[in-house]
Amino acid sequence: GDWNVKYTFQNAVFPQGRRALSLRVPGAGIATCMALPNVGWTTKFAFQQRYLEVPKPMSELSCYPDVAFNVPRLLEVFWTEGHTTYISVGPSSSSLVKCFDTGDGCTIEENPSL
């Protein structure tokens, strides 16, 4: 299903001290960690995230995140100057169809790897 999400920053802890932070640490720079693209940021508005159902009996899991849908929305809500042009999901290949922000290549028929 679809969910409206809003992040609220409450606190940050640095167990190894601030000296251990650098841009080589995931999360220290914008978009270096897609789970939380801008650590310390509170989103200004809710944004949509989607989870898809896993067909039974393929897995014991009931759903999984729709990465092609979620990642652009997650990145752009945390980095308002950013814009996602396309996202490709699956094995790296020159023949892989990309899912563009226009919607081209984003259906299962056009891109079965999504």
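The paragraphs below set out a description of the structure included in this document. (Residues numbered from 1 in each chain as written. Predicted model: local features only at pLDDT ≥ 70, side-chain atom pairs only at ≥ 80, totals over all residues. Heavy atoms only, no water.)

### Topic: the pattern of salt bridges
Then, in step 1: According to the stated counting rule, one finds two salt bridges in the structure shown.
Then, in step 2: Taking the shortest distance from any N to any O, the salt bridge between Arg50 and Asp2 comes out at 3.4 Å. A residue pair is termed long-range when its members are at least 10 positions apart, and Arg50 in strand β2 (residues 47-53) and Asp2 in strand β1 (residues 2-5) qualify at 48 residues.
Then, in step 3: Since its relative accessible area comes to 25%, Arg50 is described here as partly exposed. (Salt bridge = Lys/Arg side-chain N within 4 Å of Asp/Glu carboxyl O. Helix = DSSP H or I, 4+ residues; strand = E, 2+ residues; numbered from the N terminus. Buried < 20%, exposed > 50% of the residue type's maximum accessible area, 1.4 Å probe, protein only.)

### Some points on the packing of aromatic side chains
Then, in step 1: As enumerated under the stated definition, the model contains two aromatic pairs in all.
Then, in step 2: Centre to centre, the rings of Tyr7 and Phe78 are 5.0 Å apart; their planes meet at 65°, and the pair counts as edge-to-face. In this pair, Tyr7 sits in the loop between β1 and β2 while Phe78 sits in helix α1 (residues 67-78), placing the two residues 71 residues apart along the sequence.
Then, in step 3: Tyr7 gets classed as partly exposed once you look at its relative accessible area, which sits at 30%.
Then, in step 4: An aromatic cluster of at least three residues, connected via ring pairs, comprises Tyr7, Phe47 and Phe78.
Then, in step 5: Just above the ring of Phe69 sits the side chain of Arg50; from NZ or CZ to the centre is 3.7 Å.
Then, in step 6: The cationic tip of Arg73 hangs over the ring face of Phe69; the distance from NZ or CZ to the ring centre is 3.6 Å. (Phe/Tyr/Trp six-rings, centres within 6.5 Å; stacked < 30°, edge-to-face > 60°. Lys NZ or Arg CZ within 6 Å of the ring centre and 35° of its normal.)

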